[in-house]
Amino acid sequence: MTRAAGGDRPTRRGFVNWFLGTAAGAFLIAVVYPIARYLVPPRVGESAAASVILDIAPADLPPNAGRIVKFGNRPVILVRTPAGELRAFSAVCTHLNCTVQYRPDLGHIWCACHNGHFDLNGKNIAGPPPRPLDPLVVNVAGNHVVLSKGA
Amino acid sequence: MDSPQEQRGGVRRWLDDRIGLAEIETLVRKKEVPVHRHTLWYYFGGMTLFLFLVQVGTGILLLLYYRPSAEEAYESVRFLMAEVEFGWLVRSIHSWAANVMILTLFVHLFSVLLLKAYRPPREITWVSGVVLLALVLGFGFTGYLLPWNELAYFGTKVGSEIMGAIPLAGTFLRRLLRGGDEVTGATLTRFYGIHVAILPALTTLLLSLHLFLVQRHGMSVPPSVERRGGGTRTMPFVPNFLLRDLVGWLSVLAILAALAAYLPAELGQKADPFAPAPAGIKPEWYFMFMFQTLKYLPGTILGIEGEILGVVGFGVGGLLLLLIPFLDRRTARGEPSALFTGIGLLLLLYMLVLTYLGYTVSSTQ
C-alpha cells in the first residue's frame, strides 16, 4: 500500500492512502465491536438449586397421569405410572424444545409439536426426538414430592 | 421545458426550479410496460409493494397501543382487540395483509423465476428480491411472537431451536436471536426491536435498490415471448398500467377488510412456559413446507442428526436460490434452459405438496 504503482520508492500519496485506510479500518472496528458485543445477551445466573420441594402431595397425582412442574426456571414433567410409581423427567423435548405432556390414552409421554413419543423411562421410542428425556430423581418427604437433579 | 403545464402556474414553476419536476415527468412518461400473454405477472410485484405499505401503516398504528414485555404484551393486544375502537380492524388487517403479502411475494418470485427475468442485466434485482424475501419471512417470524400467546410461544421455541441446529455457530446464533438461552420476555423485547426497527430499516434499503433497478432496467420480456418475436407492443406505465394496478390494490384492500371483518385475528391463550405445548401446533403456512420436511426426517441419518441435515439443506437451498442468475448460464446466453424451468417447477411442486401434507396429515397419534 505504501508503494506507488510501478515504483519502489514510498510516495506521499501511498502513505496518505495507507494512513486513511488504516484509520478507516480502525474506526470501523471501534464502531462494530461494541455493537457486536452489545447484541450478545449477557449470561444471567440460572437457578443452581439441585433439588426442589414441590407443593404437591404424592396423593395429588393419580396413577396414569402427569403434570408439568417448575424446577428452577425449567419445566419438568412429573409422572405417576399406571403401576403407581412416581417418575420425573425434563419436560423439554429433545427434538425442538417444546414442552411434552403425559398422554393417559397412550400411557406414555408425548410431544404435541412434532409427534414425538417417550416411554416411561424417558426413552425416545417414536417420532423425531434424537435423545431420551433427562431423568430427575423423585423422592417423597413427608407429604411433599421432592425433585433432585440426576446423579 | 415548454410543455403546456409549464405556463399554468407559479407554484409549478417554483417547484420545477427546485426539484426538477420536468425531469421526473419525462421519466414517468418514458416508462412503458410490455404487453404480451404473460403481462399479468407484472402486477404481483406492485401488489406486494402495496401490501407492504399497508403493513407499514397498520404497524405504526399498532405501535401506539402495543407494550413489548412478557407481562404486558398479551394484555395490551387483548385491550386493543376488545376496547380500542377499530383495534380489531387494524390488527386483523395487519395480520391478514402479512399473509396475503407473502402469498403475492411467492407468486412474484415464481413468475420471475419461471419467466427467467433474472437473466442479465437483472441479476442484482433478483438477488435483492431474494434478500427481501428473507427479510419478509423474518418479519413474519418475529411478528408472530409479539402477541405472546401460547401458539406464538411454542412456535418461536421450535423455530429458534431449529436455528440451534446450524453446525458450529448454532448455539451462539440461537442465544443471539433469543436474547438468552430460553424463549423469555427478553426474546419478546428483542423480536419487537427486530420487527419494528431493524427489519424495516433493512427492507427500506433493499426495497429502494430493488425498485431503482426495476426502474432502470424496465420490465423484462420473457425469453419465450422474445423468441416468438412478441413483446414489442407496450402500454404506458402512467396512466394505463398504474390504473390497472390501482384496480388490483383497491380489490385486495376490499378483500382484506372482508377477511378482517369475518375472520378477525385470534389471540388465544396467554403464553405459559410451564404448560405443555398444545396439540396440533402449526407454524404459519409459509413455513409449513419446512416444518413438514423436518417432521419426516428421522432422528438420525448416517449418524448425523436429521434436524441438522434438514437445516443445512434449507440453508444450501436458499443460497442456490439466491445464486440462480449466476448458475443458469444457458439463460444468461439467451438459450432455452429447460433445466432451470424444471428446477423452478419442482421447487414449486415440493412446496405445494409439503404444505398440503402439513395441513392434512394428522399429528395427534
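Structure shown above.
Residues numbered from 1 in each chain as written. Chains lettered and ligands numbered in written order. Predicted model: local features only at pLDDT ≥ 70, side-chain atom pairs only at ≥ 80, totals over all residues.

## Some remarks on the pairing of strand β10 (residues 144–149) of chain A
Walk down a regular strand and you will see the side chains alternate between the two sheet faces.
All names here are of chain A.
Move 1: Where strand β1 (residues 51–53) and β10 come together, three bridges link them in antiparallel fashion. Bridge pairing links Ser 51 to Ser 148 in β10.
Move 2: In this sheet, β10 lies alongside strand β9 (residues 135–141) in antiparallel orientation, the contact comprising six bridges. Within β10, the position partnered with Val 140 by the bridge is Val 145.
Move 3: Connecting β9 to the next strand, β10, in antiparallel fashion are two residues, including Gly 142 with a positive phi near 65°. (Pairing = 2+ DSSP bridges. Helix = DSSP H or I, 4+ residues; strand = E, 2+ residues; numbered from the N terminus.)

## Brief notes about the sheet that holds strand β5 (residues 101–103) of chain A
All names here are of chain A.
Move 1: In spatial order, the strands read β5-β6-β7-β8; together these four strands make up an open sheet with antiparallel pairing. Both edges of this open sheet fall to β5 and β8 (124–126), since each of them pairs with a single strand only. With direction set aside, neighbouring strand axes in the sheet form an average angle of 40°.
Move 2: Note: strand β7 (residues 116–118) against β8, two bridges, orientation antiparallel. Within β8, the residue paired with Phe 118 across the bridge is Asn 124. (Axes fitted to C-alpha atoms, helices over the stretch in contact; angles between N-to-C directions.)

## What about the packing of helix α12 (residues 288–296) of chain B against helix α16 (residues 338–360) of chain B?
All names here are of chain B.
Move 1: Axis separation between α12 and α16 bottoms out at 8 Å; the angle between their running directions is 70°. With respect to α16, the axis of α12 lies roughly perpendicular. On α16, the residues that touch Met 288, Phe 289, Phe 291, Gln 292 and Thr 293 of α12 are Tyr 350, Met 351, Leu 354, Thr 355, Leu 357 and Gly 358.
Move 2: Considering only residue class, the contact of α12 with α16 consists of seven nonpolar, four polar and no charged. (Parallel < 35°, antiparallel > 145°, perpendicular 65-115°, else oblique. Contact = placed C-beta atoms within 7 Å. Nonpolar A, V, L, I, M, F, W, Y, C, P; charged D, E, K, R; others polar.)

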